[in-house]
Amino acid sequence: MSAESPKFDLQNVDYSTYLVTDSTMIPESSTFLKQVEDSIKGGATIVQLREKSLSTLEFIARAEKVHQMTKRAGIPLLINDRIDVALAIDCEGVHIGQDDMPAKLARKILGEDKIIGITCSNPGEVEVVCQEQIADYVGLGTVYQTNTKKDTKTPHGIGPIGIRQMLRVLNIHNSSEAGTGKQIKSVAIGGVNHTNASKVLFQCKYKNETLDGLAIVSCIMAAQDAKSATETFIERANSKFVHNDLDSASISPKSITEKHPLVHHITNNVVKNFSANVTLAIGGSPIMSELAEEFQEFSEKFENLSLVLNLGTPIPSQVELFKHAIVTYNETKTPIVFDPVAAGASEARLNVCKQLLNAGHMTVIKGNLGEISAIYKLTTEYGTKIDKVTEVAMRGVDSAGELREHDIFKIAQAIIEDFACIVVITGEINYVCRVDGHGSLEVEKVQGGSPVMGLITGTGCSLGSTIAAYLGASSSNQFSATVAAVRIYNEAGRTAAISSSKNLEEVPKPAAFQSHFIDTLYTLSTR
Ligand code: 3NM
């Protein structure tokens, strides 16, 4: 039989659509073999036969049948765990878990011409794989919660943040081996399906280390039509996840007013009224909705839509609501402004931020230096390559520490590279930051508003509304829109501070300032 086996170039195996079988979820109208055959017809590029309850005799019989199919299609077949079965049918390799036979022994038994994959769920396990230099690829997971495998080490899912930490280790190995040694490939597994495939590929990358494929079980094995499910999966995986930031148009406040963007806020109770008034003053239309059922309709129905997610007064049920909003709005590429209010105030709050950043993509992350420093702790670089950046002590919602600009830029760059977003850091000077196509940090500095803004609740949060309105009206010019929003907002602050005080020496009073500020925003928005 070995003479018939196709030969695979182990460095060029196509892991992109990696079907892992499961015989417990086959629809009544189909059979196990039909599901596998149909998925191969639909474009699966590699198959792993995973059987947990078959006798050895049954396992081998099934493996032989599946191997006939994969050979016809010219794609590799791997066997989960059972090296003896892989040897018996002379298929292309095995996939082994951390508790299975050590890779070294598996290689000794199988020889150099077979594919060996290893499951890893943390950076330490990837480190060992890299040191051993035995495996051809790693299966990284669990990405998201899944019902398919109950005993994973990380049942809630490690999300893209966890996957990126493992890709970082791979990147160090693969870059040092570039051109000479063995490149270790990677696939992600767990809760991946056609609804999140392009998001997983987009979010799970570290520098130039990208996933080589996505491993999927239930979205194919349980599908009524496994061929079209596979085709849809491939099509969705290859689709673009976010808009390109074209940044060609110049953005005038009037052009925003004319588009009348709809700004959906899920924000804190303290600032709802003020944020709604700011949105109206700049020509937008605020909507404060926490009715999850209507988010999808909004996202499909309204043009010039954006979302503000503000963590100001978090309650447990809000976390699921936030996640639902992120997933829904990501589907339609609707811009999201994330305001991680007081992110560093507690571990619990930072963990909520982690969950939200794992749920999907934010167009802009906006915060003061303390909040942004807290988000930095979620990045792959934190505590690793970047020199230990001074810890910014956090006191409630205010940013208590100060950093040198040099460190601020390191923090911003790390966040932008991990979360593929624009970062806005507010303060006496506002920094609007992005990383350009060549990996260089681009920073637009914008003079701050007025110190009196610190005396009015919601002035920070309503900058989020302004940025969101500008993004909603100009979603393909995201950086320019964000800069324009930060400019007009702070200019209004400086102008209102002058117009609301009786003379230049007098410090403006907060209440008078507040109404002048709204009026000034309104006036500036007609330019
Ligand atoms: N291994 P689905 S998760 C087989 O985390 C397997 O190592 C996992 O199934 C891991 O695509 C998993 O249906 C099951 O979510 C993935």
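The protein chain is annotated in an unreviewed UniProt entry as Probable thiamine biosynthetic bifunctional enzyme of [Candida] railenensis. Within the UniProt record for the protein chain, the comment given under Cofactor (unreviewed entry) is "Mg(2+)". Of the comments in the UniProt record for the protein chain, the one headed Function (unreviewed entry) reads "Condenses 4-methyl-5-(beta-hydroxyethyl)thiazole monophosphate (THZ-P) and 2-methyl-4-amino-5-hydroxymethyl pyrimidine pyrophosphate (HMP-PP) to form thiamine monophosphate (TMP)."

Novice: Account for helix H2 (residues 56-73), naming residues and giving values.
Specialist: End to end, H2 covers 25 Å across 18 residues, agreeing with the expected 26 Å (1.5 Å per residue, within 8%). Inspection of H2 places Phe59, Ala63, Val66, His67, Met69, Thr70 and Lys71 among the buried residues, and these make up the whole buried set. In the core, the buried residues of H2 are packed alongside helix H1 (32-42), strand E2 (46-49), strand E3 (77-80) and helix H3 (83-89). Just downstream of H2, Gly74 is the residue with a positive phi angle, here 70 degrees.

Novice: Which residues make up the domain arrangement of the protein chain, and what values do they have?
Specialist: The domain architecture assigned to the protein chain consists of domain 1 (17-237) and domain 2 (253-526). The C-alpha centroid of domain 2 is placed 39 Å from the C-alpha centroid of domain 1. Between domain 1 and domain 2 we count four salt bridges in total. Between Arg236 and Glu331 there is a salt bridge whose closest N-O contact spans 3.5 Å. Summed over the shared surface of domain 1 and domain 2, the number is eight residue pairs in polar contact (both at pLDDT 80 or more). Contributing elements (two or more residues each) for the side of domain 1 that touches domain 2: helix H6 (159-176) and helix H7 (197-203). Counting residues per element, the side of domain 1 that touches domain 2 draws most heavily on H6, which supplies six residues. Considered class by class, the residues forming the side of domain 1 that touches domain 2 number six nonpolar, four polar and five charged.

Novice: Before we move on, can you summarise the pairing of strand E1 (residues 17-20) with the specific residues and values?
Specialist: Regular strands have side chains that alternate between both faces of the sheet. Alternating residues of E1 divide into Thr17 and Leu19 and Tyr18 and Val20, and every residue in both groups is buried. Inspection of the sheet shows E1 paired to strand E10 (residues 213-216) by three bridges, in the parallel sense. Considered in E10, the bridge of Tyr18 is made with Ala215. As a crossover connection, the stretch from E1 through H1 into E2 is right-handed.

Novice: Describe the sheet that holds E1, listing the residues and the values that go with them.
Specialist: As summarised here, the arrangement of the eight strands in space is E1-E2-E3-E4-E5-E6-E7-E10, forming a closed barrel in which the pairing is parallel. Taking the axes of each pair of neighbouring strands and ignoring which way they run, one obtains an average angle of 25 degrees across the sheet. Looking at chain direction, strand E4 (residues 93-96) and strand E5 (residues 115-120) are connected through four bridges and run parallel. Each residue of the ladder has a partner; that of His95, found in E5, is Gly117. Running at roughly 155 degrees to E5, helix H5 (residues 123-132) makes contact with E5 and strand E6 (137-140) of the sheet.

Novice: Could you give an account of the packing of helix H18 (residues 478-499) against helix H19 (residues 510-524), naming the residues involved and the relevant values?
Specialist: Running from amino to carboxyl end, H18 crosses H19 at an angle of 130 degrees, the nearest separation of the two axes being 8 Å. Considering their axes alone, H18 and H19 lie oblique with respect to each other. Crossing of H18 over H19 shows right-handed handedness. Within the contact between the two elements, H18 uses Ile488, Tyr489, Glu491, Ala492, Gly493, Thr495, Ala496, Ala497 and Ser499 and H19 uses Phe513, His516, Phe517, Thr520, Leu521 and Leu524. Among the residues forming the contact of H18 with H19, the class breakdown is nine nonpolar, five polar and one charged.

Novice: If you had to explain H5 to someone new, which residues and values would you point to?
Specialist: Regarding H5, the residues found buried are Glu125, Val126, Val129 and Cys130. End-on, the buried residues of H5 take up no more than an arc of 140 degrees, which puts them together on one face. Tucked inside the fold, the buried residues of H5 contact E5, E6 and H6. Two residues or fewer after H5 comes Gln133, characterised by a positive phi angle close to 55 degrees.

Basis of the calculations
- Residues numbered from 1 in each chain as written.
- Predicted model: local features only at pLDDT ≥ 70, side-chain atom pairs only at ≥ 80, totals over all residues.
- Heavy atoms only, no water.
- UniProt positions renumbered as here; feature names shortened; annotations may be inferred.
- Helix = DSSP H or I, 4+ residues; strand = E, 2+ residues; numbered from the N terminus.
- Expected span 1.5 Å × (residues − 1).
- Buried < 20%, exposed > 50% of the residue type's maximum accessible area, 1.4 Å probe, protein only.
- Contact = heavy atoms within 4.5 Å.
- Domains from an automatic or database assignment.
- Salt bridge = Lys/Arg side-chain N within 4 Å of Asp/Glu carboxyl O.
- Polar contact = N/O pair within 3.5 Å; in protein donor to acceptor, adjacent residues only side chain to side chain.
- Nonpolar A, V, L, I, M, F, W, Y, C, P; charged D, E, K, R; others polar.
- Pairing = 2+ DSSP bridges.
- Right-handed = clockwise from strand over helix to strand, strands pointing away.
- Axes fitted to C-alpha atoms, helices over the stretch in contact; angles between N-to-C directions.
- Parallel < 35°, antiparallel > 145°, perpendicular 65-115°, else oblique.
- Left-handed = near helix turned anticlockwise from the far one by under 90°.
- Arc of directions from axis to C-beta.

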